[in-house]
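# Descriptive structure summary
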Amino acid sequence: MYYYMLLSREFELRAIALYRQGRLVGPLYTGIGHEAVAVGTSWALAADDVIAPMHRDMAARFVRGMTPAVVYAQYMGRAAGPSRGKDGNHHLGSMRDRMIGFVSHIGALIPVAAGVALASRITGSKYVTLTYIGDGGTSIGDFHEGLNFAAVRKLPLILVIENNQFAYSTPVSHQYACKRLVDRAVGYGIRGVQVDGNDVLAVHATTCEAIEFARTGGGPSLIEARTMRVRGHSENDDASYVPRDLLESWRQRDPIAAFRRRLAECGILTDEIEKEIDQRIEQEIQSAVSFAESSPWPRVEDTCKDVYSN
Ligand SMILES: Cc1ncc(C[n+]2csc(CCOP(=O)(O)OP(=O)(O)O)c2C)c(N)n1
């Protein structure tokens, strides 16, 4: 878990540098500060389960088997990216990894995920579906429609709210009037659990319970993971609207540093292992960048390929 959290962090820090150097083709959104949510949740899934990550969940994609090399290729608009050069952004799907590509229209993934969960029921399968939404996204119609449908049909769906305090520049005080976002679960008649989104083990334990509940026919769960977006909404935004002391207090609670301390205290993460992990990640990122930059651009004749399903 520590490896994947750090891999995602280093991957995104390098992506920021590449973005500033003009080596990426699109805008750049990162999940720096969200790694405990992305890893704690995705780590709890079985191979057959389906995941639909959003723009803050790169670590979850790596846990599911996507590699930094193909994601950099995607960011550089190359044919080796999962969108095969049709997108220079994070709309990354992989049917092999049972991963639904991100739909840019915030909230629109929830009805899709509810549909995948319905398919699990119809086909008599045991897989569950897990997706995410931001605090801002909970105000959109799709949130209600998707979650209510899943609740009424008792579908095996886990919806994780990544409450990171801001939706672009809108603070949570302007976003919802209930005390806790998870309290909305009561209105849908489903389970709701709030968790510290910077504690990867707590997120993992909470997700395991929700998965077990869904797999045994209990229906959906709403999990509210409280965390913080420690950078701008995207890399063209300096987050100047976020109070500096608030940002600083969350930076002190960095999920990777906290987990590193915990693992060291338990004697699991020795200096030697830490060094080994750092080196492995450094090499992986370096060869991923080289792979992406040396991979071919998409061919014009493939423009209409994969656009429609046969
Ligand atoms: C339907 C829709 N409206 C607006 C946008 C533009 N937009 C993209 S992300 C975002 C903010 C989302 O905030 P939140 O749901 O809290 O997630 P966060 O980015 O903070 O993780 C907005 C307004 C969009 N993609 N889709």
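Residues numbered from 1 in each chain as written. Predicted model: local features only at pLDDT ≥ 70, side-chain atom pairs only at ≥ 80, totals over all residues. Heavy atoms only, no water.

To continue, consider the sheet that holds strand β3 (residues 157–163). Backbone hydrogen bonds are what pair the strands of a sheet, in a parallel or an antiparallel way. One open sheet holds the five strands; their spatial order is β1-β2-β3-β7-β6, and the pairing between them is parallel. The open sheet has two edge strands with one neighbour each: β1 (50–52) and β6 (191–196). Direction aside, neighbouring strands of the sheet carry axes that sit 20° apart on average. Judged from the six bridges that link them, strand β2 (residues 129–134) and β3 form a sheet pairing that is parallel. For Thr 131, the partnering residue across the bridge sits in β3 and is Leu 159. Together, β1, β2, β3 and β7 (221–226) form the strand contacts of helix α2 (residues 35–42), whose direction differs from that of β2 by roughly 165°. Contacting β2, β3 and β7, helix α6 (residues 141–152) runs over the sheet at an angle of about 145° to β3. (Pairing = 2+ DSSP bridges. Helix = DSSP H or I, 4+ residues; strand = E, 2+ residues; numbered from the N terminus. Axes fitted to C-alpha atoms, helices over the stretch in contact; angles between N-to-C directions. Contact = heavy atoms within 4.5 Å.)

Take the nonpolar core next. By size, the foremost hydrophobic cluster in this structure holds 86 residues, and its most contacted members are Tyr 72 and Ile 158. At nine residues, the largest contribution of residues to this core is made by helix α1 (residues 2–20). When neighbours within four sequence positions are excluded, Tyr 72 is seen to be in contact with Glu 10, Phe 11, Arg 14, Ala 15, Leu 18, Ile 285, Ala 288, Val 289 and Ala 292. Grouped together as the second largest cluster of nonpolar side chains are seven residues, Leu 118, Ala 150, Leu 155 and Leu 157 included. (Core = buried A, V, L, I, M, F, W, Y, C linked by side-chain atoms within 4.5 Å. Buried < 20%, exposed > 50% of the residue type's maximum accessible area, 1.4 Å probe, protein only.)

With respect to the element layout, Arg 64 can be found in helix α3 (residues 58–64). One buried charged residue, Arg 64, forms no salt bridge at all, with the nearest opposite charge on Asp 49 at 5.9 Å. Not counting residues within four places of it along the chain, the set of residues in contact with Arg 64 comprises Leu 45, Ala 46, Ala 47, Asp 49, Ile 51, Asp 97, Arg 98 and Met 99. (Lys, Arg positive; Asp, Glu negative; His and termini not counted. Salt bridge = Lys/Arg side-chain N within 4 Å of Asp/Glu carboxyl O.)

The local shell around the ligand holds 15 residues, among which His 55, Arg 56, Gly 136, Gly 137 and Phe 166 are the closest. At 2.8 Å from an oxygen atom of the ligand is found a main-chain nitrogen or oxygen belonging to Gly 137. Out of a free accessible area of 580 Å², the ligand has 70% covered by protein chains. Split into classes, the residues belonging to the shell around the ligand amount to five nonpolar, eight polar and two charged. (Near = heavy atom within 4 Å. Polar contact = N/O pair within 3.5 Å; in protein donor to acceptor, adjacent residues only side chain to side chain. Areas by Shrake-Rupley, 256 points an atom, 1.4 Å probe, with all protein chains shown as cover. Nonpolar A, V, L, I, M, F, W, Y, C, P; charged D, E, K, R; others polar.)

Another point: the pairing of β3. Burial of β3 is extensive: seven of the seven residues sit out of reach of the surface. Alternating positions in β3 separate into two faces, Leu 157, Leu 159, Ile 161 and Asn 163 on one and Ile 158, Val 160 and Glu 162 on the other, with burial throughout. Here six bridges tie β3 to β7, and the two strands are oriented parallel to one another. The residue bridging Asn 163 from the neighbouring strand is Arg 226, located in β7.

We now examine the pattern of salt bridges. Note on pairing: side chains with opposite charge can pair once their charged atoms come close. This structure, assessed with the given rule, holds 19 salt bridges. Asp 97 is the partner of Arg 96 in a salt bridge, and the nearest nitrogen-oxygen pair spans 3.0 Å. For Asp 97, a relative accessible area of 9% gives the class buried. For Arg 180, the salt bridge identified is with Asp 183, shortest N-O distance 2.9 Å. Given the relative accessible area of 29%, Asp 183 is considered partly exposed. By sharing partners, the salt bridges in this structure join Arg 299, Glu 301, Asp 302 and Lys 305 into a single network.

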